[in-house]
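Reading the structure
Each chain is listed here by its residues.
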Amino acid sequence: MCGIVAAVAGRNVVPVLLEGLRKLEYRGYDSAGLAVLNGCPSALLRLRSVGRVAELTAQADACSAAGGTGIAHTRWATHGVPSERNAHPHLSGGLAVVHNGIIENHEALRESLKAVGYVFTSDTDTEVVAHLVELKLRTIPDLFETVRAALGDLQGAYALAVMREDDASRIIVAREGSPLLLGMGEDGHYAASDASALLQVTRRMVYLENGDCAEITRAGLRIVRGDGTPVVRAVVESQLSADAVELGTYAHYMQKEIFEQPDALANTLEMVGNARSLQPGLFGADAEAVLGGARQILILACGTSWHAGLVARYWLEAIAGISCSVEIASEYRYRDSVPDAETLVVTISQSGETADTLAALQHAKGLGMQRTLAICNVPESSLVRETALRFITRAGPEIGVASTKAFTTQLAALYLLTLVMAKLRGRLDAATEVQELKALRHVPAAVQKVLALEPEIKAWAQLFSHKQHTLFLGRGRHYPIALEGALKLKEISYIHAEAYPAGELKHGPLALVDKEMPVIAVAPNDALLEKLKSNLQEVRARGGELFVFADADSEMVESEGIHVLRLPEHYGALSALLHVVPLQLLSYHVALVKGTDVDKPRNLAKSVTVE
Ligand code: F6R
């Protein structure tokens, strides 16, 4: 969480910092701030705002802020409420610091720094870094060496940028556990939490590794490891399209990303575009050996990505015949489990920077499980660099905090994994393989047809906007789709929503149902439909109003208190990919009616890089 940008260039960097922050706002938007150095001797100007980057921009314009060296930050609050005093940059003497991550030993450091006379002006963990570096600067006059020395005292996760009032020629940055990359521009050097912030000035990026500390100047960059050994990191030409992060004609990123799903799926499935057979190599060079030798599967993920894993379990067990468990990453890493070295560990993440998922992967590897696969949307992410195998979903940048196209592309990748595992295990004959590939190739067109239901869904949204609570029901592989629908609704419309496997209703939650409780049912025409219909009768008998997403060929009849919307096609094992789309649209339109901030819902951030 939090986004940082830093720049040392032969021009005024304030517009670069502000534009970078605008691109990074998805990482947190509780406050924004920047500091720039100008003149000789340089004077430090700091601006902070509790509002969005737009307000910071207005402040910068009002005072004609300018300077060739600067750092900037957009915050997702962890320590200390969102307020101006807690907004970054934090200062100590002539130093300014921005930070993404959590300094776990900040309390002990704070006490020791107070004991030598430092006065704290914020509640953040970050302020200890500013004072710690300032303290060390008294005995180690070189800023690069000072920051390196200070890093040795820090525990936790950080991406840091530090600059000093009396030396406008450089900025020191460091990475441990939180993403950070450097940009090599024509007229200077830059650093940021992700590439989208720097595309405005360069495509040439250098990704820092955990433990790296770097100095950027107008003329160059220098990277060292924790022990001071110089290191050279590869320069990567970013493939990210600048257009991909623009809103275009859409009102919100979430809307854009929902409607991009046919293209995102087509891109993700491009590698099997003309194929008549599936190759394990889709998952990496050693995939045949790594996947083929796996005795069971363990999926680790958080949030929406965890829901994708839950759907995949139904597929992997039913189609590939391999035992599969799915764990919330933050739980797995802290429980005593029974490891099996021949387990395939599949981590799923849109960002590839989710701290809990990264830590769960490390935990699994530490328990001896080396067969690892990342399904991820960001090729340069930390996760992708830490697994033996990888599949990059090609959803393109996902900016809206609520995940949509990342989810459906994850499902497409997981279905491919299921088919490859089935084939490696002798459970996929050639004719079925051809049919399955054909069905997969049709998914983008099928999703396109579901999107055409938007007007009807928009009309339904009006009926939800005044509700306090909603229940979502599904069965089998559509139960995780109900979970995903409930998560989408709560995160962007703030309506309390719970999802249950429909058969579980009578074991407790039915007590909640009355005429004020709308119940949304995911009801594809599958083997469980008749059972689901009985569960829906139980709801109707208690006065609950039903909103049913059925398939074209389902015998679901509209009647009083039962609204039915039919999806254009009935799509067998892949129907989870289709049935999630109307739930995304419903949440989006309910949020619009309620007037919430769709792309930046309260209290959330896109990339959860803290524990
Ligand atoms: C919900 C949402 C989150 C993420 C979760 C994991 O809409 O976006 O629940 O799915 O924070 O993020 P990634 O997939 O980046 O690991």
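For clarity, every value in this text was computed on a predicted model and none was experimentally measured.

Looking at the domain arrangement of the protein chain
Under the domain assignment, the protein chain is made up of domain 1 (3-245), domain 2 (253-447) and domain 3 (454-594). Relative to domain 3, the C-alpha centre of domain 2 lies at a distance of 26 Å. On the domain 3 side, the residues contacting the 28 residues of domain 2 number 24 residues. With both sides pooled, the region where domain 2 packs onto domain 3 buries about 2,300 Å², and carbon together with sulfur makes up 74% of that total. In terms of surface lost to domain 3, no three residues of domain 2 exceed Met254, His307 and Tyr314, which account for 21% of the buried area on that side. In this assembly, domain 2 and domain 3 are joined by 10 residue pairs in polar contact (both at pLDDT 80 or more). Secondary structure elements with two or more residues in the side of domain 2 that touches domain 3: helix 6 (253-259), helix 7 (261-268), helix 9 (303-320), helix 13 (405-424) and helix 14 (430-451). It is helix 9 that provides the largest number of residues to the side of domain 2 that touches domain 3, a total of eight residues. Looking at side-chain class alone, the side of domain 2 that touches domain 3 contains 19 nonpolar, nine polar and no charged residues.

A few points about the site of the ligand
For the ligand, the set of nearby residues contains 15 residues, the closest of which are Ser305, Ser349, Gln350, Thr354 and Glu491. Contacts to the ligand include Ser305, whose side-chain N or O atom sits 2.6 Å from an oxygen atom. A distance of 2.4 Å separates an oxygen atom of the ligand from a polar side-chain atom of Thr354. Here the ligand loses 90% of its free accessible area of 400 Å² to cover by the protein chains. Spatially, the ligand is embedded in the second largest pocket. At the level of elements, helix 9 and helix 16 (479-493) are the ones that each hand at least two residues to the shell around the ligand. Of the residues belonging to the shell around the ligand, the class tally is five nonpolar, eight polar and two charged. Residue assignment places the shell around the ligand across two domains, with domain 2 (253-447) and domain 3 (454-594) each supplying three or more.

What about helix 9?
Here helix 9 is 18 residues long and its end C-alpha atoms lie 25 Å apart, about the 26 Å a rise of 1.5 Å per residue gives. Burial in helix 9 covers these residues: Thr304, Ser305, Trp306, His307, Ala308, Gly309, Leu310, Val311, Ala312, Trp315, Leu316 and Ala320. In this fold, the buried residues of helix 9 make contact with strand 15 (296-301), strand 16 (324-328), strand 17 (343-349), helix 13, helix 16 and helix 18 (575-594). Downstream of helix 9 by a residue or two, Gly321 has a phi angle that is positive, lying close to 65°.

Quick word on the packing of helix 7 against helix 13
Contact pair helix 7 / helix 13: the axes reach a minimum separation of 9 Å and the direction vectors enclose 35°. Seen from above, helix 7 lies across helix 13 with right-handed handedness. Packed against helix 7, whose contacting residues are Gln261, Ala264, Leu265 and Thr268, the element helix 13 presents Lys405, Thr408, Thr409 and Ala412 at the interface. Among the residues making up the contact of helix 7 with helix 13, the classes are represented as three nonpolar, four polar and one charged.

Overview of the side chain of Arg175
Examined against the element boundaries, Arg175 turns out to sit in strand 8 (residues 167-176). No salt bridge is formed by the buried Arg175; the nearest opposite charge belongs to Glu353, separated by 4.2 Å. If we skip the residues at most four places from it in the chain, Arg175 touches Tyr158, Ala159, Leu180, Leu208, Glu209, Asn210, Gly211, Asp212, Glu353, Ser382 and Arg385.

Let's talk about the nonpolar core
Counting residues in hydrophobic clusters, the biggest one holds 89 residues, and the most contacted among them are Phe283 and Val346. Residue contributions to this core peak at 12 residues, all from helix 13. When residues are assigned to domains, this core turns out to be shared by domain 2 (253-447) and domain 3 (454-594), each giving three or more. The residues contacting Val346, other than those within four sequence positions of it, are Ile297, Leu298, Ile299, Leu300, Leu373, Ile375, Leu414 and Leu417. In terms of nonpolar packing, the next biggest core, distinct from the first, is built from 33 residues, Val16, Leu24, Leu34 and Leu56 among them.

Notes on the environment of Lys136
Looking at where Lys136 falls in the secondary structure, it is placed in helix 4 (residues 126-137). Spatially, the C-alpha atoms of Lys136 and Ala149 are 7.6 Å apart, while their sequence positions differ by 13 residues. The residues touching Lys136, leaving out its near neighbours within four places in the chain, are Thr146, Ala149, Ala150 and Asp153.

So, the packing of aromatic side chains
Overall, the coordinates contain six aromatic pairs when judged by the stated rule. Judged by centre distance (5.2 Å) and plane angle (70°), the rings of Trp460 and Phe547 are edge-to-face. With Trp460 in helix 15 (residues 454-464) and Phe547 in strand 23 (residues 545-551), this pair connects stretches of sequence that are 87 residues apart. We classify Trp460 as buried; its relative accessible area is 9%. Judged by relative accessible area, which is 1%, Phe547 ranks as buried. Between Trp460 and Phe549 the ring centres are 5.1 Å apart and the planes differ by 55°, which places this aromatic pair in the tilted class. Placement of Trp460 in helix 15 and of Phe549 in strand 23 is noted, with a sequence separation of 89 residues between them. The exposure class assigned to Phe549 is buried, which follows from its relative accessible area of 0%. Grouped by ring-pair contacts, the aromatic residues Trp460, Phe464, Phe547 and Phe549 constitute a single cluster. Across the ring face of Tyr494, the terminal group of Arg602 is positioned such that the distance to the ring centre comes to 3.8 Å.

Some points on the environment of Ile520
Tracing the backbone shows Ile520 in strand 22 (residues 518-523). Note: C-alpha distance between Ile520 and Tyr29 (491 residues apart in sequence) is 32 Å. Apart from the residues lying within four places of it in its own chain, the contact partners of Ile520 are Phe464, Thr470, Leu471, Phe472, Leu473, Phe547, Phe549, Leu583 and Leu586.

Regarding empty space enclosed by the protein
All chains considered together, the criterion is met by two cavities of 30 Å³ or more. Of the pockets and cavities examined, the largest cavity occupies roughly 90 Å³. Lining the largest cavity are 15 residues, and of these Cys2, Thr78, His88, Gly101 and Asp125 lie nearest its centre. Contributing elements (two or more residues each) for the lining of the largest cavity: strand 4 (69-75) and strand 6 (95-103). By residue number, the principal contributor to the lining of the largest cavity is strand 6, which donates three residues. Here the residues of the lining of the largest cavity sort into four nonpolar, nine polar and two charged. Roughly 40 Å³ of internal volume is contained in the second largest cavity. When contributions to the lining of the second largest cavity are tallied by element, the ones reaching two or more residues are strand 22 and helix 17 (529-541). Classifying every residue of the lining of the second largest cavity gives six nonpolar, two polar and two charged.

Criteria and cut-off values
- Residues numbered from 1 in each chain as written.
- Predicted model: local features only at pLDDT ≥ 70, side-chain atom pairs only at ≥ 80, totals over all residues.
- Heavy atoms only, no water.
- Domains from an automatic or database assignment.
- Contact = heavy atoms within 4.5 Å.
- Buried area = accessible area lost by both parts, 1.4 Å probe.
- Polar contact = N/O pair within 3.5 Å; in protein donor to acceptor, adjacent residues only side chain to side chain.
- Helix = DSSP H or I, 4+ residues; strand = E, 2+ residues; numbered from the N terminus.
- Nonpolar A, V, L, I, M, F, W, Y, C, P; charged D, E, K, R; others polar.
- Near = heavy atom within 4 Å.
- Areas by Shrake-Rupley, 256 points an atom, 1.4 Å probe, with all protein chains shown as cover.
- 1 Å grid on protein atoms, 1.4 Å probe; cavity = no way out; pocket = protein on both sides within 12 Å on 5 of 7 lines; lining within 4 Å.
- Sits in = over half its atoms within 2 Å of the grid points.
- Expected span 1.5 Å × (residues − 1).
- Buried < 20%, exposed > 50% of the residue type's maximum accessible area, 1.4 Å probe, protein only.
- Axes fitted to C-alpha atoms, helices over the stretch in contact; angles between N-to-C directions.
- Left-handed = near helix turned anticlockwise from the far one by under 90°.
- Lys, Arg positive; Asp, Glu negative; His and termini not counted.
- Salt bridge = Lys/Arg side-chain N within 4 Å of Asp/Glu carboxyl O.
- Core = buried A, V, L, I, M, F, W, Y, C linked by side-chain atoms within 4.5 Å.
- Phe/Tyr/Trp six-rings, centres within 6.5 Å; stacked < 30°, edge-to-face > 60°.
- Lys NZ or Arg CZ within 6 Å of the ring centre and 35° of its normal.
- Points joined across faces, edges and corners; volume = space filled by probe spheres on them.

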